[in-house]
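Chain by chain, the residues:
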Amino acid sequence: MGVNGSVLAIDAGNSKTDVALIGADGTVLSTARGGGFQPPLAGVETAVDVLGAAVERAFTEAGADAGQVAHVSACLANADLPVEEEQLTAALAARGWGRTVEVRNDTFAILRAGVDEPRGVAVVCGAGINCVGMVPDGRTARFPAIGRISGDWGGGSGLSEEALWFAARAEDGRGEPTELARTLPAHFGLDSMYALIEALHLGRIAPERRHELAPVLFATGAAGDPVARALVDRLAEEVVALASVALNRLGLLDEEAPVLLGGSVLAACHPQLDDRIRELLAARAPKAVVRVVRESPVLGAGLLGLDHTGAAPEVHARLRAQYA
């Protein structure tokens, strides 16, 4: 495999890693999947080892060796701040997988996968919530997106916590009535919020199962519950606030520009949420073109890599066609 123009694309989320080795002509030479990338929990080197296992499988499948690749394009979860991107860039460069390395937050992969040129804004709502934007001259817009301390609200985990809060107060009389007090515990086969609180507190229900309550919230809202519907509307407001601020920072607010929605919560296409997002965005950014991203994020990492190497449009098109 020649070196010039070849790209090692990595898309690493909290739960899984996808790798693609891409030839200079845009052909996918090999792919591999690995475990989740969680440097805050495992440490940087151990987390990069997880990437390394998938990368080595991709090299082996393609009959290539580390160092033969021109550029490594890595879009990584938990690369939330520029200082973290710099640290991870150094860690990946030390592995010698390619001549150059660029690390970005994984939200950039979702954005680039959904657009034909690096121009637009993406809002991703999965376990958490994040937003990035980019334009062809290299400027970007982004947020720290590390939780409440950086002003974030929403995401599947945040919605579940809010739903539990309102349901608990409804049952004990401190808050307004809501069907969430019935539907949340019923999801786990329990008959009261007290029973659910006890089960969560004592570990009889694993903490990571709380994210299962976000779909229950949406279903309860769709059935007409005012409290649940208010939470869904608030999420729409957060999505539009992120998107419109990013568009404004990049000078795209007053021109036609894509606003892409991704992540498990937004990709589920809940009617109330979708309708409210489009209604609010039409008022704040009337020329924005909204759509849900269905493309694989590793495609976005690959396209960013081809952007870096200066590949021709037909090379980009060939790569995209293989993920159609």
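It should be noted that the structure appears before, not after, this text.
These notes cover the structure that comes with them. (Residues numbered from 1 in each chain as written. Predicted model: local features only at pLDDT ≥ 70, side-chain atom pairs only at ≥ 80, totals over all residues. Heavy atoms only, no water.)

This paragraph deals with the nonpolar core. Val123, Leu184, Leu235, Leu261 and Leu273 are the most contacted members of the largest nonpolar core, which has 55 residues in total. With twelve residues, the single largest contributor to this core is helix α9 (residues 226-249). The residues contacting Leu184, other than those within four sequence positions of it, are Ala163, Leu164, Ala167, Met193, Leu196, Leu213 and Val216. One finds Leu21, Ala54, Val55 and Leu76 within the second-largest nonpolar core, a separate group that totals 27 residues. (Core = buried A, V, L, I, M, F, W, Y, C linked by side-chain atoms within 4.5 Å. Buried < 20%, exposed > 50% of the residue type's maximum accessible area, 1.4 Å probe, protein only. Helix = DSSP H or I, 4+ residues; strand = E, 2+ residues; numbered from the N terminus. Contact = heavy atoms within 4.5 Å.)

Here we come to the packing of α9 against helix α11 (residues 271-284). For the pair α9 and α11, interaxial distance at closest approach is 9 Å and the crossing angle is 40 degrees. Taken together, the axis directions place α9 and α11 in an arrangement best described as oblique. The handedness of the crossing between α9 and α11 comes out as right-handed. Residue-level contacts link Arg229, Val232, Asp233, Leu235, Ala236, Glu237, Val239, Val240, Ala241, Ala243 and Ser244 of α9 to Gln272, Leu273, Arg276, Ile277, Leu280, Leu281 and Arg284 of α11. Among the residues forming the contact of α9 with α11, the class breakdown is eleven nonpolar, two polar and five charged. (Axes fitted to C-alpha atoms, helices over the stretch in contact; angles between N-to-C directions. Parallel < 35°, antiparallel > 145°, perpendicular 65-115°, else oblique. Left-handed = near helix turned anticlockwise from the far one by under 90°. Nonpolar A, V, L, I, M, F, W, Y, C, P; charged D, E, K, R; others polar.)

Our next topic: unusual backbone geometry. Its identity is not glycine, yet Ala145 carries a phi of approximately 55 degrees, on the positive side. By secondary structure assignment, the location of Ala145 is in the loop between β8 (140-142) and α5 (155-172). Judged by relative accessible area, Ala145 falls into the buried class, the value being 16%. One non-glycine residue, Cys269, adopts positive backbone phi at about 55 degrees. Assignment of secondary structure puts Cys269 in the loop between α10 (264-267) and α11.

Here we come to the side chain of Ser6. Within the secondary structure, Ser6 sits in the segment before β1 (7-12). There is a polar contact of 3.2 Å between the side chain of Ser6 and the backbone nitrogen of Ala70. (Polar contact = N/O pair within 3.5 Å; in protein donor to acceptor, adjacent residues only side chain to side chain.)

One pass over the full model with this rule turns up one aromatic pair. Judged by centre distance (4.9 Å) and plane angle (80 degrees), the ring pair of Trp165 and Phe166 falls under edge-to-face. By relative accessible area, which is 23% here, Phe166 ends up partly exposed. We note Arg104 situated over the ring of Phe108; from NZ or CZ to the ring centre the distance is 5.2 Å. Sitting over the ring of Phe143, Arg249 keeps its end group 4.5 Å from the ring centre. (Phe/Tyr/Trp six-rings, centres within 6.5 Å; stacked < 30°, edge-to-face > 60°. Lys NZ or Arg CZ within 6 Å of the ring centre and 35° of its normal.)

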